[in-house]
Amino acid sequence: MEKKYPVNLPKTGFPMKADLPRREPAWLEFWSGKKIYEKALGANAGRAKFILHDGPPYANGPIHIGHALNKILKDIVVRYKTMCGFEAPYIPGWDCHGLPIEQALLKELKLSKKEAGQDPVRFRQKCREFVLKMAELQKKDFIRLGVSGDWQHPYITMEPDYTGRIIEAFIRLYQKGYIHKGLKPVFWCINCETALAQAEVEYKDKSSSSVYIAFPVKNKPGYCVLAWTTTPWTLPANRALCFHPQAPYAVLRLKDGRKAIAAEALAKNIEAALGAVLTEERYSAGQMAGWIMESPLARLEVPAITDRTVSLEEGTGVVHSAPGHGEADFQWGQRFKLETFSPVDETGAFTSAVSFKELIGRRVSDPETTKMLLELLGPNLLKSGEITHSYPHCWRCKETVIFRATQQWFLKIEHNDLRRKILEAVEQTQWIPAGSKERIRSMVETRPDWCLSRQRIWGAPIPILNCRACGRENDVPELFEEIIRRMREQGEDFWFEPSGGFLHELGERFPCRGCGGKEMIRDPNILDVWLDSGVSWFAVLASGGQGLWPKLRPRSTAERGPDSVPEALRSGTVCQASKDLSYPADLYLEGSDQHRGWFQTSIITAAALTGRAPYRAVYTNGWVLDDEGRAMHKSLGNVVSPQEIVQKWGADVLRVWAASVSSTEDVGASAKLMEGYGENYRKLRNTLRFLLGNLHDFQPHRHAARGLEDLGRLERWALLNLAETIAECRQGYESYDFPRSLRALTAFAVHDCSNFYFDISKDCLYTFKDDDPARRQTQSVLFAVFHQMIMMMSPILPFTAEEAWQELLKTLESKEPVMAAGVRFDFPESCHLGRFPTACAGWNDEDLKKQAPLLLALREEVHQRLDPLRKSAGLGSSLEARVIIEAAGHDHEVLTGWESLLPSVLLVSEVALKKGQAANGKPQVSLEKAGGRKCVRCWIYHDSVGDDPRDPSLCAKCVSVVYA
């Protein structure tokens, strides 16, 4: 039996098998028990702040994979900035009001909206309970992902303090003239029975009726104007026909002999559609000015109007205008003083105001209603068909919406030059990716006024009281002060008490400034939930010097001082940054849909109240798709649950996925893809295991090489690679290009370490004496690599980094700072209390950097030549080879300096360096079988094997170690 010789094999308690689902929860308990988040924040107190303001997820169900991606990206940013020395608190939040929660409760309680409205306070309490339950569920899932933050003091948009800030922001906007109430068409969901803002509408294909209608021309027998529409239900609200002011209009003879007027540019299409014949007769818009047409379903005489936006690419070049059912139509109505008429109620049914009584009560979305409308048109219906076109849908219930004129509250986008201010704020913001700036710019350029009011129950109230006697809005500043105070101290439910007992008291104290009336009526609407989150910058970051974090307790009247709400309201002071946070935020980071949502509502309110954006930079992550590029839906069975991924692979594998993908684009996720990311994770883990295993007998305070002058060439080369990795990794974090950081880490771990330096170092680590200076030099470098790798990977892999870090701490005799390889190393109780590394300037050895390509090229060539030699000469291990290198000039000079190390670099037993002519300017390489015998302990072939009678199977080096 072959004799066994002692070698310094790796020893570590850091297992190869990660078993993350079982181990990670223990580290969560460790961080919580040791208050690591609080300590990290405290260590940077008073330093420069970095504030990533959390966009509040909606608290209406368990988190999905998109939530996980977003929260992990945020956590990577905050952890990195904290390690860089910034005071970077992370305050999570939840968006709590809104229609989905209300609808879920109505369904659960089996109530109609009307029934719930009979006792709104009780229903709202049920909503609140549901929200708290969902927020707690999401909170646990987010914490399980390793997301670090102040989870004990989140901001909750339905809590009294926050609601008070919503109301205060609304009032400030109101007092500055941005908010008004008026009759205007808005997106209206007849299924949800409420107005919608632009951000709550999505466009999908829909099949609609396509109809050509004749509008007879008064005092011009036999003539009619031809209009085309895909919304025949709006015809009863018709109030004008709109022509293009510069287009020529032709006359076409219909089959029944009537003469129909339409744009000449579309005449051929109309001929084909109606079987009409084009005549020579022409009219200009100017000639038709003053014409009056008979509107068949409105039973009115309507005028001809003109506008340049009339399309000459489809239809007839004539638009039937219903100012009560369209944004452009409304604008035309205002310009030409047309009636804003909308005979449709909140359920989408025709009201008694409609001209044809048989339509009353019929819903406009009902196909039978369309059929009846077409029948009522009689001979004025020239043709009907079906067309598929893009049409607005409610993004909550997914049903089609209509435009409907109602009395609503609006934020005026043109008031006080607000649109220009927003666009300037967009320009002053860094957008990541850069192309997302154009997206939000185009949205702002074309967006209409913001409809702020909703006709629902679960939301913050619109804090306006009207005088019952004269209808005037009560805008007494002291009344607003009192409403805000009550919201912050009592919560919003007092406003919804059916009895409205507070109205009498407020009326007595703050009578109408118009007529002196004391009877007040509260506005029945609630605020758009997008305002709740759109003023989070105001509520959380910068609320008059009184930020909501740490959590505020309600203040009594006696406690309110110079920073009180009323003074801020009277003076119109711009918000001051909270003492704990800062305004504006350094970063907003959300999904791409928030260009029309939170990014936009936040910049609108901030530009109006502060004149700037509430953020310095905006990072947009993409949608998560399955591995076939499809959106995830339960009906498709392709939903990937983050909870299932964590349960199977662990949170760190999910975090590797999040940091690996190009998150500014749509990204894929599936069980199959996760296996690949799991493999990437194992490569990093195995690197850490090798490092720990070979540091088991290393005490940096006693054994470390203190300065660079104490290290050999190979060690300095490893540190050069480490320095370059630190710089690349840092640049990735700084630019929010996390794949770049992870690639740098992985390439260093796999190529620079495992495939190169570790291979080269194994002989020294395993076969030299424990305290051999060369071995201690190598361990010094392994220690530096381990320490810096842990700090670099901590933001992405917080659990694994902590596990490995604690394993190192177990082996240390002292945890005092130590100098090694020219750098000071600290040993905090958690790696998340450490600092992100900055490479020692001396590690960037320029001479080594220039020499490295030559050595790497030689190594690659040797490995390529080994395969043929294995076949022809029966060569096995590369250690059985002898390499002959013939080099000239500078290359020979460089290789001479490395001559004693070349066998280690090339992983062979012997290298012969010769000076001679190099072909093609490159060293010539040849291989042959090594001479000497194989040492059974170190496996190197050497002439000294057999020379020492104490053990003829060992080389001289191994004899000196074994028989020392």
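Being a predicted model, the structure only gives us computed values, none of them experimental.

Asker: I tried to follow the overall build of the protein on my own but got confused; where do I start?
Answerer: The secondary structure content of the protein amounts to 31 helices and 33 strands. Dimensions of the protein, computed from C-alpha atoms along their principal axes, come out at roughly 125 × 80 × 50 Å. The 964 residues of the protein split such that 58% are buried. Taking the contacts inside the protein whose residues are at least 6 apart along the sequence as the reference set, 77% of them involve residues at least 24 apart. Accessible surface, the protein as shown: approximately 39300 Å² in total, 50% of it carbon and sulfur. A distance of 2 Å separates the average location of the 123 positive side-chain charges in the protein from that of its 121 negative side-chain charges.

Asker: Would you take a moment to explain the sheet that holds strand S7 (residues 223-229) for this structure?
Answerer: The pairing of strands in a sheet comes from backbone hydrogen bonds and takes either a parallel or an antiparallel form. Ordered by their spatial adjacency, 6 strands build an open sheet running S11-S9-S10-S7-S6-S15, and the pairing between neighbours is mixed. Of all the strands in the sheet, just strand S11 (277-283) and strand S15 (381-394) have a single pairing partner and so form its edges. Across the sheet, the mean angle from the axis of one strand to that of its neighbour is 30°, orientation sign disregarded. Relative to strand S10 (residues 259-263), S7 runs parallel, the two sharing 3 bridges. When the sheet's bridge partners are listed, Tyr223 is paired in S10 with Lys259.

Asker: Sorry, what's going on with the packing of helix H22 (residues 671-693) against helix H26 (residues 773-793) here?
Answerer: Packed helices, taken two at a time, are described by their axes: the angle between them and the distance between them. Relative to each other, H22 and H26 sit at 145°, their axes nearing to 9 Å. Where H22 crosses over H26, the handedness of that crossing is left-handed. Counting all contacts with H22, which are made through Leu684, Thr687, Leu688, Leu691 and Leu692, the residues of H26 involved are Leu782, Val785, Phe786, Met789, Ile790 and Met793. Classifying every residue of the contact of H22 with H26 by side-chain character gives 10 nonpolar, 1 polar and no charged.

Asker: So what exactly am I meant to see when it comes to the packing of aromatic side chains here?
Answerer: Any pair of aromatic rings gets described here by the distance separating the centres and the angle formed by the planes. Tallying each qualifying case throughout the model produces 35 aromatic pairs. Note on Trp717 and Phe756: the rings are 4.7 Å apart at their centroids and 70° apart in plane angle, and the pair reads as edge-to-face. Of this pair, Trp717 sits in helix H24 (residues 713-734) while Phe756 sits in helix H25 (residues 738-767), and the two are 39 residues apart along the sequence. By the burial criterion, Trp717 is buried, and Phe756 matches it. On the basis of an interplanar angle of 55° and a centroid distance of 6.3 Å, the ring pair of Tyr733 and Phe738 is categorised as tilted. When sorted by exposure, Tyr733 lands in the same class as Phe738, which is buried. Put simply, the rings of Tyr80, Tyr619, Tyr733, Tyr736, Phe738 and Phe836 pair up and form one aromatic cluster. Directly above the aromatic system of Phe356 lies the positively charged group of Arg299, at a separation of 3.8 Å from the ring centroid. A cation over a ring is seen here: Lys934 above Trp939, with NZ or CZ 5.2 Å from the ring centre.

Asker: What is the right way to look at the pattern of salt bridges in this model?
Answerer: A pair can form between side chains of opposite charge whenever their charged atoms are brought close. As enumerated under the stated definition, the model contains 64 salt bridges in all. Salt-bridge contacts for Glu339 lead to Arg239; the nearest nitrogen and oxygen are separated by 3.0 Å. Of this pair, Glu339 sits in the loop between helix H10 (327-336) and helix H11 (367-377) while Arg239 sits in the loop between S7 and strand S8 (240-243), and the two are 100 residues apart along the sequence. Look at Glu339 and you get partly exposed, because its relative accessible area is 44%.

Asker: Sorry, what's going on with the environment of Val277 here?
Answerer: Relative to the helices and strands, Val277 is located in strand S11. For the pair Val277 and Leu252, spaced 25 residues apart in sequence, the C-alpha to C-alpha distance is 5.3 Å. When near neighbours in sequence (up to four residues on either side) are disregarded, Val277 contacts Val251, Leu252, Arg253 and Glu271.

Asker: Whenever I open this one, the confidence of the model for the protein confuses me. Can you help?
Answerer: As a note on interpretation, predicted positions should not be read in detail where pLDDT is low. Confidence in the prediction for the protein averages 90 pLDDT; 95% of positions are at 70 or higher. Between residues 544-577, whose pLDDT stays under 50, and residues either more than four places distant or in other chains, the model counts 79 contacts.

Asker: Please explain the sheet that holds strand S12 (residues 292-295) as it appears in this structure.
Answerer: Taken in spatial order, the 4 strands of this open sheet run S12-S13-S8-S14, and their pairing is mixed. Each of the sheet's edge strands pairs with one partner strand only, and the pair in question is S12 and strand S14 (318-321). The average undirected angle you get between the axes of adjacent strands in this sheet is 35°. As paired strands, S8 and S14 are joined by 4 bridges and run antiparallel to one another. Directly across from Phe243, in S14, lies its bridge partner Val318.

Asker: What is the right way to look at empty space enclosed by the protein in this model?
Answerer: In the structure shown here, the tally under the stated rule is 7 cavities of 30 Å³ or more. As a volume, the largest cavity reaches approximately 140 Å³. Taken together, 19 residues line the largest cavity, and the ones lying closest to its centre are Gly98, Leu99, Glu200, Arg454 and Val529. Mapped onto the lining of the largest cavity, the elements with two or more residues apiece are helix H4 (99-109), strand S5 (194-196), strand S22 (526-527) and helix H16 (529-534). Across the lining of the largest cavity, the residue classes break down as 8 nonpolar, 4 polar and 7 charged.

Asker: How do you make sense of the nonpolar core when you look at a structure like this?
Answerer: With 157 residues, the main nonpolar core has Leu654, Trp657, Phe786, Met789 and Trp843 as its most contacted residues. The element best represented in this core is H25, accounting for 12 residues. Apart from the residues lying within four places of it in its own chain, the contact partners of Leu654 are Ile65, Ala68, Ile72, Leu145, Pro642, Ile645, Val646 and Met674. Within the second largest apolar cluster, 77 residues are counted, among which are Ile167, Leu452, Cys512 and Val618.

Asker: Just checking my understanding: could you explain helix H3 (residues 65-83) for this structure?
Answerer: In an α-helix there are 3.6 residues to a turn, and that puts residues three or four apart on one side. The terminal C-alpha atoms of H3 lie 27 Å apart, and with 19 residues this matches the ideal 27 Å at 1.5 Å per residue to within 8%. Judged by how many residues are buried, H3 sits mostly within the fold: 18 of 19 residues are covered. Looking one or two residues past H3, Gly85 carries a phi angle of roughly 95°, positive in sign.

Asker: Where do I start with the pairing of strand S13 (residues 300-306) in this structure?
Answerer: Regular strands have side chains that alternate between both faces of the sheet. Pairing of S8 with S13, which is carried by 3 bridges, proceeds in the parallel orientation. Counted as the bridge partner of Phe243 is Thr306 from S13. Bridge count for S12 against S13 is 4 bridges, and the pairing is antiparallel. Along S13, the bridge assignment pairs Glu294 with Glu301.

Asker: Please clarify how the layout of surface pockets should be interpreted in this entry.
Answerer: To locate leftover empty space, one rolls a probe as large as a water molecule over the atoms. Of the volumes computed, that of the largest pocket is approximately 2000 Å³. Those elements giving two or more residues to the lining of the largest pocket turn out to be H3, H4, helix H6 (120-144), helix H13 (436-446), H16, strand S23 (587-591), strand S25 (624-625) and helix H20 (642-648). If you tally residues by element for the lining of the largest pocket, the top one is H3, at 6 residues. Estimated volume of the second largest pocket: approximately 1400 Å³. As for the second largest pocket, its lining consists of 50 residues, and the residues nearest its centre are His325, Gly326, Glu327, Asp329 and Phe403. Listed by contribution, the elements that provide at least two residues to the lining of the second largest pocket are strand S4 (179-189), strand S6 (201-216), S7, S14, H10, S15 and strand S16 (402-411). The element contributing the most residues to the lining of the second largest pocket is S15, with 5 residues. Per-class residue counts for the lining of the second largest pocket are 26 nonpolar, 16 polar and 8 charged.

Asker: Teacher, can you tell me more about unusual backbone geometry here?
Answerer: For residues that are not glycine, phi is negative in most cases, and the peptide bond is trans in most cases. The omega torsion across Ile432 and Pro433 is 0°, close enough to zero to call that bond cis. Turning to its location among the elements, Pro433 is positioned in the loop between strand S17 (430-432) and H13. In the segment running from Tyr583 into Pro584, the intervening peptide bond is cis, with an omega of 0°. As for its position among the elements, Pro584 is in the loop between helix H18 (565-571) and S23. Not every positive phi belongs to a glycine, and Lys398 is a case in point at roughly 70°. By the element assignment, Lys398 lies in the loop between S15 and S16. At Tyr736, a position not held by glycine, the phi torsion is positive, near 60°. Relative to the helices and strands, Tyr736 resides in the loop between H24 and H25. For Tyr736, a relative accessible area of 9% puts it in the buried group.

So, how was this worked out
Residues numbered from 1 in each chain as written. Predicted model: local features only at pLDDT ≥ 70, side-chain atom pairs only at ≥ 80, totals over all residues. Heavy atoms only, no water. Helix = DSSP H or I, 4+ residues; strand = E, 2+ residues; numbered from the N terminus. Buried < 20%, exposed > 50% of the residue type's maximum accessible area, 1.4 Å probe, protein only. Contact = heavy atoms within 4.5 Å. Areas by Shrake-Rupley, 256 points an atom, 1.4 Å probe, with all protein chains shown as cover. Lys, Arg positive; Asp, Glu negative; His and termini not counted. Charge placed at Lys NZ, Arg CZ, Asp CG, Glu CD. Pairing = 2+ DSSP bridges. Axes fitted to C-alpha atoms, helices over the stretch in contact; angles between N-to-C directions. Left-handed = near helix turned anticlockwise from the far one by under 90°. Nonpolar A, V, L, I, M, F, W, Y, C, P; charged D, E, K, R; others polar. Phe/Tyr/Trp six-rings, centres within 6.5 Å; stacked < 30°, edge-to-face > 60°. Lys NZ or Arg CZ within 6 Å of the ring centre and 35° of its normal. Salt bridge = Lys/Arg side-chain N within 4 Å of Asp/Glu carboxyl O. pLDDT = per-residue confidence, 0-100. 1 Å grid on protein atoms, 1.4 Å probe; cavity = no way out; pocket = protein on both sides within 12 Å on 5 of 7 lines; lining within 4 Å. Points joined across faces, edges and corners; volume = space filled by probe spheres on them. Core = buried A, V, L, I, M, F, W, Y, C linked by side-chain atoms within 4.5 Å. Expected span 1.5 Å × (residues − 1).

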